[in-house]
Amino acid sequence: MTTISANLQAVLARIETAANAWGRIPGTVALLAVSKTWPASFVREAAVAGQRAFGENYAREGLDKIRELARTDLEWHFIGPLQSNKTRQVAEAFDWVHSVDRFRVAERLSEQRPRTSPPLQVCLQVNVSGEDSKSGVAPRDALALARQVAQLPRIALRGLMAIPAPTADPAGQREPFGRLRRLFEQMLDEGLALDTLSMGMSNDIEAAIAEGATLVRVGTAIFGERNRS
Ligand SMILES: *Cc1c(COP(=O)(O)O)cnc(C)c1O
């Protein structure tokens, strides 16, 4: 077994253990393997081990990997900050975008989504930790944005995503995830048909699953430490 394959099995075991511990229905927490900064060969190795969904943060890098691998059995998720001038590449090559935080970007993605592709699957990124982080819609503006984005013709609004400020303390990890879940439930009450809570990374998978994550985004625990240069 390769390291990537062994790491994948370990992460899937963590997901299953946490899902059982919190009474989650088996199979309702999906794994997104975050391959940013790693070469296409790493993605191929994870795919051999059975992984199908991959996350990328940078449009150009993601596009290069998607083209190099040229596989129709993989699902590509764009999870990084999205500038208006990069929306076309993302709308054309990716299946999902988790990081929509303003209407203008959503509108462009919808306009630029090829008619021959299924609608782009979208999550709104919410700034649940406030202050310092510049990405994400403010919680108080999220419902209005969701209503607007849900109307766009080439977009399927699926749910919410957050990247809380990192902390090692488990209770501290759960708090912002809980805020995202309550916002999600409020949107369901308002009649929005959402099914995806994208939250949890290598260090806080368990806290996110405890608070209802349906998809965890994991890079380091699968592929190793990224170069922080
Ligand atoms: C890099 C990244 C991840 C993965 O983080 P790890 O700590 O390496 O698991 C998840 N989500 C987003 C948005 C990221 O940028």
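Not measured: the values here are computed from a predicted model. (Residues numbered from 1 in each chain as written. Predicted model: local features only at pLDDT ≥ 70, side-chain atom pairs only at ≥ 80, totals over all residues. Heavy atoms only, no water.)

Undergrad: What is the right way to look at the pairing of strand 2 (residues 53-56) in this model?
TA: Along a regular strand, successive side chains alternate from one face of the sheet to the other. Along strand 2, one buried face is formed by A53 and G55 and the opposite face, lined by F54 and E56, is buried too. Between the parallel pair strand 1 (residues 30-34) and strand 2, the chain is carried across by helix 2 (residues 40-48), and the sense of this crossover is right-handed. With 4 bridges connecting them, strand 2 and strand 3 (residues 75-78) associate as parallel partners. Considered in strand 3, the bridge of F54 is made with W76. Remark: the strand 2/helix 3 (residues 59-69)/strand 3 crossover connection has right-handed handedness. (Buried < 20%, exposed > 50% of the residue type's maximum accessible area, 1.4 Å probe, protein only. Helix = DSSP H or I, 4+ residues; strand = E, 2+ residues; numbered from the N terminus. Right-handed = clockwise from strand over helix to strand, strands pointing away. Pairing = 2+ DSSP bridges.)

Undergrad: Any chance you could explain the packing of helix 6 (residues 139-150) against helix 7 (residues 170-189) here in plain terms?
TA: Close contact between helix 6 and helix 7 brings their axes to 11 Å; oriented N to C, the two are set at 35°. By crossing handedness, the relation of helix 6 to helix 7 is classed as right-handed. Contacts between helix 6 and helix 7 involve P139, A142, L143 and A146 from the former and L183, Q186 and M187 from the latter. Here the residues of the contact of helix 6 with helix 7 are counted per class, giving 6 nonpolar, 1 polar and no charged. (Axes fitted to C-alpha atoms, helices over the stretch in contact; angles between N-to-C directions. Left-handed = near helix turned anticlockwise from the far one by under 90°. Contact = heavy atoms within 4.5 Å. Nonpolar A, V, L, I, M, F, W, Y, C, P; charged D, E, K, R; others polar.)

Undergrad: What exactly am I supposed to notice about the packing of aromatic side chains here?
TA: A ring pair, where both rings are aromatic, is described by two values, the distance of the centres and the angle of the planes. All chains considered together, the criterion is met by 4 aromatic pairs. Measuring from ring centre to ring centre gives 5.1 Å for W38 and F42, while their planes differ by 10°; the resulting arrangement is stacked. Relative accessible area serves as the criterion here: at 17%, W38 is assigned to the buried category. Ring centres 5.8 Å apart and planes at 35° place the aromatic pair F54 and W76 in the tilted group. (Phe/Tyr/Trp six-rings, centres within 6.5 Å; stacked < 30°, edge-to-face > 60°.)

Undergrad: Help me out: how do you make sense of the site of the ligand in this one?
TA: Within the structure, the ligand sits among V34, K36, N57, I79, I163, M201, S202, R217, V218, G219, T220 and R226. For the ligand, a nitrogen atom lies 2.9 Å from a polar atom in the side chain of R217. G219 places a main-chain nitrogen or oxygen 2.8 Å from an oxygen atom of the ligand. Burial of the ligand by the protein chains amounts to 91% of its free accessible area of 390 Å². Per-class residue counts for the shell around the ligand are 5 nonpolar, 4 polar and 3 charged. (Near = heavy atom within 4 Å. Polar contact = N/O pair within 3.5 Å; in protein donor to acceptor, adjacent residues only side chain to side chain. Areas by Shrake-Rupley, 256 points an atom, 1.4 Å probe, with all protein chains shown as cover.)

Undergrad: Can you help me understand the pattern of salt bridges in this one?
TA: When charged atoms on two side chains of opposite charge get close, those side chains can pair. The tally for this structure, following the rule as stated, stands at 15 salt bridges. Two residues, R71 and D73, come together in a salt bridge whose shortest N-O distance is 2.8 Å. The exposure class of R71 is partly exposed, given its relative accessible area of 29%. A salt bridge links R102 to D101; its shortest N-O distance comes to 3.0 Å. (Salt bridge = Lys/Arg side-chain N within 4 Å of Asp/Glu carboxyl O.)

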